[in-house]
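Listed below are the residues making up each chain.
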Amino acid sequence: MALANANVEKSYLNRPKALGITVRRLQFNPEKIKRHYFANSPVMSHLLTALSSTFPIGEQYFVNSVRNVRDKVKDPQLQAQIAAFIGQEAMHSKAHTEFNDAWRRDDYNLDRFQAWLAKRDDLLRNIHPKLQLALTCAFEHFTAMLGGYILKHPEILSTLDDDAMKLWVWHAIEEIEHRSVAFDVYQEVYGDDRIRRLLMRSVTTGFASLTFYATSRLIWQDKWKSLPKLGGNLFGTYLLAKMLIQLIPEYLSYYQADFHPAKHDYTQLVNYWKARMADEYGMVSFQEGTASQLYS
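A quick note: this is a predicted structure, and the numbers were derived from the prediction, not measured.

Scoring rules and cut-offs
- Residues numbered from 1 in each chain as written.
- Predicted model: local features only at pLDDT ≥ 70, side-chain atom pairs only at ≥ 80, totals over all residues.
- Heavy atoms only, no water.
- Phe/Tyr/Trp six-rings, centres within 6.5 Å; stacked < 30°, edge-to-face > 60°.
- Lys NZ or Arg CZ within 6 Å of the ring centre and 35° of its normal.
- Core = buried A, V, L, I, M, F, W, Y, C linked by side-chain atoms within 4.5 Å.
- Buried < 20%, exposed > 50% of the residue type's maximum accessible area, 1.4 Å probe, protein only.
- Contact = heavy atoms within 4.5 Å.
- Helix = DSSP H or I, 4+ residues; strand = E, 2+ residues; numbered from the N terminus.
- Expected span 1.5 Å × (residues − 1).
- Arc of directions from axis to C-beta.
- Salt bridge = Lys/Arg side-chain N within 4 Å of Asp/Glu carboxyl O.

**Student:** Explain the packing of aromatic side chains here, please?
**Tutor:** Any aromatic ring pair is given by two values, namely how distant the centres are and how the planes are angled relative to each other. Under the counting rule described, the total for this entry stands at 17 aromatic pairs. Following the ring pairs from residue to residue traces out a cluster consisting of Phe62, Phe139, Phe142, Phe183, Phe207, Tyr251, Tyr254, Tyr255 and Phe259. For the cation-ring pair, Arg196 lies above Tyr254, with the distance from its terminal atom to the ring centre recorded as 4.6 Å.

**Student:** What is the right way to read the nonpolar core from this model?
**Tutor:** General note: in soluble globular proteins, nonpolar side chains tend to be found buried as a group. If you look at the biggest cluster of nonpolar residues, it comprises 85 residues, and the most contacted ones within it are Tyr37, Phe38, Val185 and Met277. Excluding residues within four positions of it along the chain, Met277 makes contact with Met165, Lys166, Val169, Ile173, Gly282, Met283 and Phe286.

**Student:** Whenever I open this one, unusual backbone geometry confuses me. Can you help?
**Tutor:** Trans peptide bonds make up the majority, and among non-glycine residues the majority have a negative phi. Positive phi values are uncommon outside glycine, yet Ala39 reaches one of about 55 degrees. Here Ala39 lies in the loop between α1 (2-13) and α2 (42-67). Of the residues examined, Ala39 reaches a relative accessible area of 15% and is grouped as buried.

**Student:** Would you mind going over helix α4 (residues 111-124) with me for this structure?
**Tutor:** Think of an α-helix as 3.6 residues a turn; residues three or four steps apart then line up on the same face. Taking 1.5 Å per residue, 14 residues should reach 20 Å; α4 reaches 20 Å between its end C-alpha atoms and fits that length. Every buried residue of α4 is accounted for by Phe113, Gln114, Leu117 and Asp121. Mapping the buried residues of α4 onto a view down its axis gives an arc of 90 degrees, with all of them on the same face. Exposed residues lying more than 90 degrees from the buried face of α4 are Arg112, Lys119 and Leu123. At its buried positions, α4 is contacted by α2, α3 (76-102) and α9 (193-221).

**Student:** How should the pattern of salt bridges be read in this particular structure?
**Tutor:** Note on pairing: side chains with opposite charge can pair once their charged atoms come close. Tallied over the full model, the rule gives 10 salt bridges. A salt bridge links Arg24 to Glu174, with the nearest nitrogen and oxygen atoms 3.0 Å apart. Of this pair, Arg24 sits in the loop between α1 and α2 while Glu174 sits in helix α7 (residues 162-177), and the two are 150 residues apart along the sequence. Close ionic contact of Arg24 with Glu177 constitutes a salt bridge, the shortest N to O distance being 2.9 Å. Here the residue Arg24 occupies a position in the loop between α1 and α2, and Glu177 occupies one in helix α7, the gap between them amounting to 153 residues. Of the two residues, Arg24 and Glu177, both sit in the buried class.

Now the structure itself:
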C-alpha cells in the first residue's frame, strides 16, 4: 500500500503543466478595509464578510473531497489541474483567514459561527466520498457564478478601496479559472449526474440559509452602525435581488444534461480584469501569468 502511494505521488511529479489555472499569492492589507466596504452598504458588506468567514473551512473541505479520489484519476492533464486547484484554494484560505482575523473585534465576532461551521464540516467529512465531491461540484458552481457576476458588473466594484478590490477580484478570477476541476474529477470517477443534481438541490437551500444566518448575525452585532444606514441597506438589498434574478439562468444550467462549467465562457472578462489588476493595482502575479507553486 505504501509503495502504491509512493508511485502515485511520483507520477504527480511528472504531470504536465496546468492549463489556465495559475496559483498566485495575494499581497494586501486587510486592516485597511473599512467595515462597510461594499457600496457603503451594510447588507452587502456583511454578506460578503459572512461568505469570507466560511471560506477557510469550506475550501479545505473542497480540497479534501478531491484528494479523496485523486488516485482514481488517470488523466495526467486533469492531475495537473487538480494540483493547481489545490494551490489556489490554499491561497484563498490563507487570504480569507487574514481578512477574517482583521475583523475579530469586541463588537464583531466570527468565532461562534465558525465553531458551528467546523462541527458541520466534521460531519460532512464522514459521508461517502462520492457525496463529498458532488457537494463540492455544487459549491464550485455557486462560487464561479458569484465570481463571474462580480466581474461582469464593474460599477458595483467602483466603491471598493484598493485592498478590498484586490481580495475579491483576485478570488473571483481564480474561482472562474478552476471552476471545472471538481466537476471533471467527479465525471471521470463517478459520472452520476442524478446524484450530482440531487446534491445541488440540498446545497442550494443549505447555502441560502447559511448565508442568511451568518449575514443576519453580523448585521445584528453591528446594529448600531448598520441599521441607521437606511439608504445603503436599501441599495444593497436592491443589488442582491438584482443579482439573484440575473443568476437564475446560469444556476439552472447545472441541471441540464449537457452541462459543463466551461460552457459559460468568461475568457474575455477574465483577461480584462487580469490586465486591470496588473496595470492599476500593480499585482505582479497577474503580470507574470505563471504559477508560483503547485501543491500536491
